[in-house]
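Notes for the structure review
Below are the chains, spelled out letter by letter.
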Amino acid sequence: MDRSQKSEAVAGLNATFNESGVVVVTRNLGLTVAQSTELRGKMREAGASYKVAKNRLANLALKDTDYEGLSDLLTGPTALATSSDPVAAAKAAVEFAKTNDKLEIVGGSMGGQMLDEAGVKALASMPSLDELRGTIVGLVNAPATKIAQVVNAPANKLARVFGAFAASEAA
């Protein structure tokens, strides 16, 4: 890489860090190209991205962001998983690490909050933002449905009584 490519890489990483809700640092312990491609696909499906970056360039990009504390974790063959959803990158990385022992979760950060390996795994066990939205909509919608059932119940009972009375007179 020449100097201009390095500065572009640093600027791109800096923009990624400023837009991300979470950054997970992983250690690559010999992933094959096929495994790496599979991991990137799973990250994309989850709404996250996975990027291998030179540690020195990543350290430069971390300056003046909420993720400056991650510079201590960037040693050896590392890669960065990022997403705007605070759970997506952690969930995808942890799921892949469960099935493949060549990917190790080193740590991460959610905004200014540093996370160790256990913290990233705890974050991955939480429901995603879309799941939480669905739960909230269900909770808001449930009382309205119950109110409609309660309001309609007396009318249904009256209709059945009138129907039974009419049937008994006709017989």
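Residues numbered from 1 in each chain as written. Predicted model: local features only at pLDDT ≥ 70, side-chain atom pairs only at ≥ 80, totals over all residues. Heavy atoms only, no water.

A closer look at the pattern of salt bridges
To keep it simple, the criterion reads: Any Lys or Arg side-chain nitrogen located within 4 Å of an Asp or Glu carboxyl oxygen qualifies as a salt bridge. Only DSSP runs of H or I covering at least 4 residues are called helices, and only runs of E covering at least 2 are called strands; the numbering of each starts at the N terminus. Partly exposed residues are those whose accessible area sits between 20% and 50% of the maximum for their type, while under 20% is buried and over 50% is exposed, using a 1.4 Å probe and protein chains only.
Tallied over the entire structure, the rule returns four salt bridges. A salt bridge links lysine 42 to glutamate 38; the nearest nitrogen and oxygen atoms lie 3.5 Å apart. Linking lysine 42 with glutamate 38, this pair stays in helix 2 (residues 33-46), spanning four residues, or about one helical turn. Classification of lysine 42 by relative accessible area gives partly exposed; the value is 36%. Judged by its relative accessible area of 39%, glutamate 38 falls in the partly exposed class. Across the pair lysine 98 and glutamate 95 runs a salt bridge, and its minimum N-O distance is 3.5 Å. Of this pair, lysine 98 and glutamate 95 both sit in helix 4 (residues 88-99), three residues apart, which is roughly one turn of the helix.

Considerations on the pairing of strand 4 (residues 103-110)
When a strand is regular, its side chains alternate between the sheet's two faces. As a reminder of what qualifies: Strand pairing follows a simple DSSP-based rule, namely that at least 2 bridges must link the two strands.
Most of strand 4 sits out of view: six of its eight residues are buried. As defined by bridge partners, strand 1 (residues 22-28) adjoins strand 4 across six bridges and the pair is classed as antiparallel. Bridged to valine 23 within strand 4 is serine 109. Strand direction decides the pairing type here: strand 4 and strand 5 (residues 113-115), joined by three bridges, are antiparallel. Looking across to strand 5, one finds that methionine 110 is bridged to glutamine 113. Following strand 4, the chain reverses through two residues before pairing antiparallel with strand 5; glycine 111 in that reversal takes a positive phi of roughly 65°.

Side note on the environment of methionine 1
Under the convention used in this document: The contact criterion used is simple: two residues touch if any of their non-hydrogen atoms lie within 4.5 Å.
Checked against the element boundaries, methionine 1 lands in the segment before helix 1 (3-19). Apart from the residues within four sequence positions on either side, methionine 1 is in contact with Lys6, Ala9 and Leu57.

Some details on the side chain of threonine 82
Note the threshold: Each polar contact in these results corresponds to two N or O atoms within 3.5 Å; when the atoms are within protein, one needs to be able to donate a hydrogen and the other to accept it, and residues that are neighboring in sequence are counted only if both atoms are side-chain atoms.
Here threonine 82 lies in strand 3 (residues 78-83). Here the side chain of threonine 82 touches serine 49 through a polar contact of 2.8 Å, side chain to side chain. Not counting the four nearest positions on each side in its chain, threonine 82 is found in contact with Thr16, Ser20, Val22, Val23, Ala48, Ser49 and Ala89.

A short note on the sheet that holds strand 4
Paired through their backbone hydrogen bonds, the strands of a sheet run either parallel or antiparallel. Filter applied, for reference: To define axes, lines are fitted to C-alpha atoms, for helices over the stretch in contact only, and angles between the resulting N-to-C directions are given on a 0 to 180 degree scale.
Taking strand neighbours across the sheet as the criterion, the five strands line up as 2-3-1-4-5 in an open arrangement whose pairing is antiparallel. At either margin of the open sheet sits one strand with a lone partner, and together these are strand 2 (48-52) and strand 5. For this sheet, the mean angle separating the axes of adjacent strands, direction not counted, is 20°. Packed on one face of the sheet, helix 5 (residues 117-124) meets strand 1, strand 4 and strand 5 and runs near 80° to strand 4.

That is the geometry; function is a separate question.
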